[in-house]
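Coordinate inspection notes
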Amino acid sequence: MQIVLKNLLMFTLSDLYSSGQMTDLLYTEKDLVTSLKDYIRAEENKLERVKRWAEKLDSLSAAATQDPEGFLGHPVNAFKLMKRLNTEWGDLESLVLSDTTDGFISNLTIQRQYFPTDEDQTGAAKALLRLQDTYRLDANTISTGDLPGVKHKSLMTVDDCYELGKIAYSDVDYYHTELWMAQALKQLDQGEESTIDKVTVLDYLSYSIYQQGEIERALEYTKRLLELDPEHQRAKGNLKYFEFQLEKQKNAAEDVSHKQKEPGKKETAEKRKKPKKVSNHLIPERKKYEMLCRGEGNRMTPRRWSRLFCRYHDNNHNPMYVLAPAKQQDEWDRPYIVRYLDIISDKEIERVKQLAKPRLRRATISNPITGVLETAPYRISKSAWLTAYEDPMIDKINQRIEDLTGLEMDTAEELQVANYGVGGQYEPHFDFGRKDEPDAFKELGTGNRIATWLFYMSDVAAGGATVFPDVGAAVWPQKGTAVFWYNLFASGEGDYSTRHAACPVLVGNKWVSNKWIHERGQEWRRPCGLSESE
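Residues numbered from 1 in each chain as written. Predicted model: local features only at pLDDT ≥ 70, side-chain atom pairs only at ≥ 80, totals over all residues. Heavy atoms only, no water.

**A look at the overall build of the protein**
For the protein, the count of helices and strands is 17 helices and 18 strands. Within the protein, buried positions represent 44% of all 534 residues. Taking as baseline every contact in the protein between residues at least 6 positions apart, the subset at least 24 positions apart corresponds to 71%. Of the accessible surface of the protein, which amounts to about 30,300 Å², a share of 54% is contributed by carbon and sulfur atoms. (Helix = DSSP H or I, 4+ residues; strand = E, 2+ residues; numbered from the N terminus. Buried < 20%, exposed > 50% of the residue type's maximum accessible area, 1.4 Å probe, protein only. Contact = heavy atoms within 4.5 Å. Areas by Shrake-Rupley, 256 points an atom, 1.4 Å probe, with all protein chains shown as cover.)

**A few points about the pattern of salt bridges**
Taken as a whole and assessed by the stated rule, the structure comprises 33 salt bridges. Note that R525 is salt-bridged to E408, the shortest N-O span being 3.2 Å. In this pair, R525 sits in the segment after strand 18 (510-518) while E408 sits in the loop between helix 17 (392-405) and strand 9 (415-420), placing the two residues 117 residues apart along the sequence. Put simply, E69, E350, K353 and K357 are held in one network by salt bridges that share partners. (Salt bridge = Lys/Arg side-chain N within 4 Å of Asp/Glu carboxyl O.)

**Let's talk about the packing of aromatic side chains**
Under the counting rule described, the total for this entry stands at 19 aromatic pairs. On the numbers, 5.9 Å between centres and 85° between planes, the contact of Y210 with Y241 is edge-to-face. Note that Y210 is positioned in helix 11 (residues 198-211) and Y241 in helix 13 (residues 233-261), a separation of 31 residues in sequence. Overall, Y210 belongs to the partly exposed group, its relative accessible area being 22%. The interplanar angle of 55° and the centroid separation of 5.2 Å between the aromatic rings of F430 and F432 together place this pair among those described as tilted. Of the two residues examined, F430 and F432, each falls in the buried class. Looking at R434, its charged tip hangs above the ring of F432, at a distance of 5.9 Å from the centre. (Phe/Tyr/Trp six-rings, centres within 6.5 Å; stacked < 30°, edge-to-face > 60°. Lys NZ or Arg CZ within 6 Å of the ring centre and 35° of its normal.)

**Some words on the UniProt feature "repeat: TPR" (unreviewed entry) in the protein**
UniProt feature "repeat: TPR" (unreviewed entry): in the numbering of this structure it lies at residues 199-232. For the annotated span residues 199-232, helix accounts for 79% and strand for 0% of the residues, and the straight-line distance between the end C-alpha atoms is 9 Å. (UniProt positions renumbered as here; feature names shortened; annotations may be inferred.)

**Some words on the environment of T87**
Its location among the elements puts T87 in helix 5 (residues 75-96). For the pair T87 and P116, spaced 29 residues apart in the sequence, the C-alpha separation amounts to 9.3 Å. Polar contacts involving the side chain of T87 include one to the side chain of Q121, which spans 2.9 Å. (Polar contact = N/O pair within 3.5 Å; in protein donor to acceptor, adjacent residues only side chain to side chain.)

**Notes on the nonpolar core**
Side chains of nonpolar character tend, in soluble globular proteins, to be buried together. Counting residues in hydrophobic clusters, the biggest one holds 48 residues, and the most contacted among them are I142, M156, L164, W180, V201 and V467. Every residue in contact with L164, bar those within four places of it in the chain, is listed here: F79, A125, L128, L129, M156 and W180. Within the second largest apolar cluster, 35 residues are counted, among which are M393, L407, F455 and I517. (Core = buried A, V, L, I, M, F, W, Y, C linked by side-chain atoms within 4.5 Å.)

**Regarding the pairing of strand 15 (residues 481-486)**
The element strand 15 is extensively covered by neighbouring structure, given that five of its six residues are classed as buried. Two strands pair when backbone bridges link them, and strand 3 (residues 337-341) and strand 15 are joined in this way by three bridges, in the antiparallel orientation. Opposite R339, over in strand 15, you have V483 as the bridge partner. Strand direction decides the pairing type here: strand 11 (residues 449-456) and strand 15, joined by six bridges, are antiparallel. (Pairing = 2+ DSSP bridges.)

**Description of empty space enclosed by the protein**
Summed over the entire model, instances satisfying the criterion amount to two cavities of 30 Å³ or more. The wall of the largest cavity is formed by 17 residues, among which Y420, Y426, H429, L454 and H500 lie closest to the centre. Sorting the residues of the lining of the largest cavity by element identifies strand 9, strand 10 (425-429), strand 11, strand 16 (500-502) and strand 18 as the ones contributing at least two each. By residue number, the principal contributor to the lining of the largest cavity is strand 18, which donates four residues. Taken together, the residues of the lining of the largest cavity break down into nine nonpolar, five polar and three charged. (1 Å grid on protein atoms, 1.4 Å probe; cavity = no way out; pocket = protein on both sides within 12 Å on 5 of 7 lines; lining within 4 Å. Points joined across faces, edges and corners; volume = space filled by probe spheres on them. Nonpolar A, V, L, I, M, F, W, Y, C, P; charged D, E, K, R; others polar.)

**A word on the packing of helix 10 (residues 174-189) against helix 11**
Closest axis-to-axis distance for the helix 10/helix 11 pair is 9 Å, and the angle between their directions is 150°. Comparing their axes, helix 11 and helix 10 come out roughly antiparallel. Crossing of helix 10 against helix 11: the hand is left-handed. The residues of helix 11 that touch helix 10, namely those facing Y174, T177, E178, M181, A182, A184, L185, L188 and D189, are K198, V201, L202, Y204, L205, Y207, S208, I209 and Q211. Of the residues assigned to the contact of helix 10 with helix 11, the class counts are 12 nonpolar, three polar and three charged. (Axes fitted to C-alpha atoms, helices over the stretch in contact; angles between N-to-C directions. Parallel < 35°, antiparallel > 145°, perpendicular 65-115°, else oblique. Left-handed = near helix turned anticlockwise from the far one by under 90°.)

**Some details on the packing of helix 7 (residues 118-134) against helix 9 (residues 158-170)**
Where helix 7 contacts helix 9, the axes come no closer than 10 Å and their chain directions differ by 95°. By the angle between their axes, helix 7 is roughly perpendicular relative to helix 9. Where helix 7 abuts helix 9, its residues Q121, T122, A125, K126, L128 and L129 lie against E163, L164, I167 and A168. Taken together, the residues of the contact of helix 7 with helix 9 sort by class into six nonpolar, two polar and two charged.

**Some words on helix 5**
If you check helix 5, its first and last C-alpha atoms are 30 Å apart, about what 22 residues at 1.5 Å a residue would give, namely 32 Å. Counting buried residues along helix 5, 16 of its 22 residues qualify, which places the element largely inside the surrounding structure. (Expected span 1.5 Å × (residues − 1).)

**Concerning helix 11**
Helix length check: helix 11, at 14 residues, gives a terminal C-alpha distance of 20 Å against a target of 20 Å (1.5 Å per residue), a fit within 8%. Along helix 11, the residues classified as buried are V199, V201, L202, D203, L205, S206, S208 and I209. Near the N-terminus of helix 11, the side chain that reaches the backbone nitrogen of V199, with its oxygen 3.1 Å away, is that of D197. Where helix 11 terminates, the next one or two residues include G213, which has phi positive at roughly 90°.

Following this line, the structure appears as structure tokens:
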């Protein structure tokens, strides 16, 4: 278009009236009209894309805002929300940036300061990968949204799968790179339209498979890539390298086979023995933790199970519970864990959440060396602390815990409220300070954490159990209940069987509040025992 206008400006006035040049001008104008139509079509296409995006988001947000917590309880919905706000809205901004007729750009620019960052989007992706591992979910199950207990089914696009694969790749996690690039390729093969092409996906897929030592499979995908793009330089180089490595492996295998056939080289019976079965006690803690989260792992013997009871509990005729005792049931025997049923009302739960929500911050742990509270990668939740003096209901809840446990609350930590969203977890840990952590709670000046009280303030559609890997116990969230256990023996020694973890939330939102009760003030309420484990 610029060339046509330049040529037009080179004509003199007299030249413009010659018939030959006038014809040229007609064709010039025709070219200009064609260019104008191309521009109009581009603008209409841009507007149509914006309209489709607005309609899609309108229907999605209308459905989502009907039940925000339920909608965001689905890990794919949470990931896609992060992806939309961090990536796709930015793409839309670039698309309409030239349109200054309304306040959309200025509004978007202002609101963008509150959008998730690349780090947030990566975090949501890693939460999906963590759920995939813990609950042994295949990529197709997650991509199609077929998760247990879902209310808002959500499908993942090729772009979504590709994004997960790329994030895994950037973390040198070739296992998950393969899973999600393979899923992206599967959806492309099924005819799903995408801006991501098969060549790009195959490039990542073949390399991630190679990095896991499967050269033969990597070669197959490389050949497929070259069928689509014969001039792909990296693939051509990889093809030669993979073929060379396979030939090398083949020769090495033939040499070994030849040596084994030589006299005196027969395989002994000792070498042919099957590997011994690994005892449950030797299973790594991480594996036991994940097994318990899936509802697998140890089971209590029938004899031990028969000794667990439910009862009405008034804590030695406490005046508050003589006429209306609390419902108490045994969850586990060693360590002794009890659950109180219907112990916190829906009204109280909503008030606690209302007070906590404005203050929710990334949850912290007590540094075992310094005693200072700090964030940790193995605790992924948001928490807030509520004091008794700021709301009568918190004081009432604290008093209830004291009445039922018989323990002093004045030296306990404030009520901590925690929300575990998509992939939220707290990996295996102790609540009490060990002997090699003498300063764990030095700043508080109230001694060690003698006991833990944990309210469940929501049901969880899937996942979110509290598990004790060393003993095989799993306590599942049940709204309106609370569990209680002692972290220390009566002697003051730590009970190491209380090491526990909060499993990742697979579907739903998990709200809990806990009270960590300390030693000071319990001298007459829980007298010291004479033996170490008493």
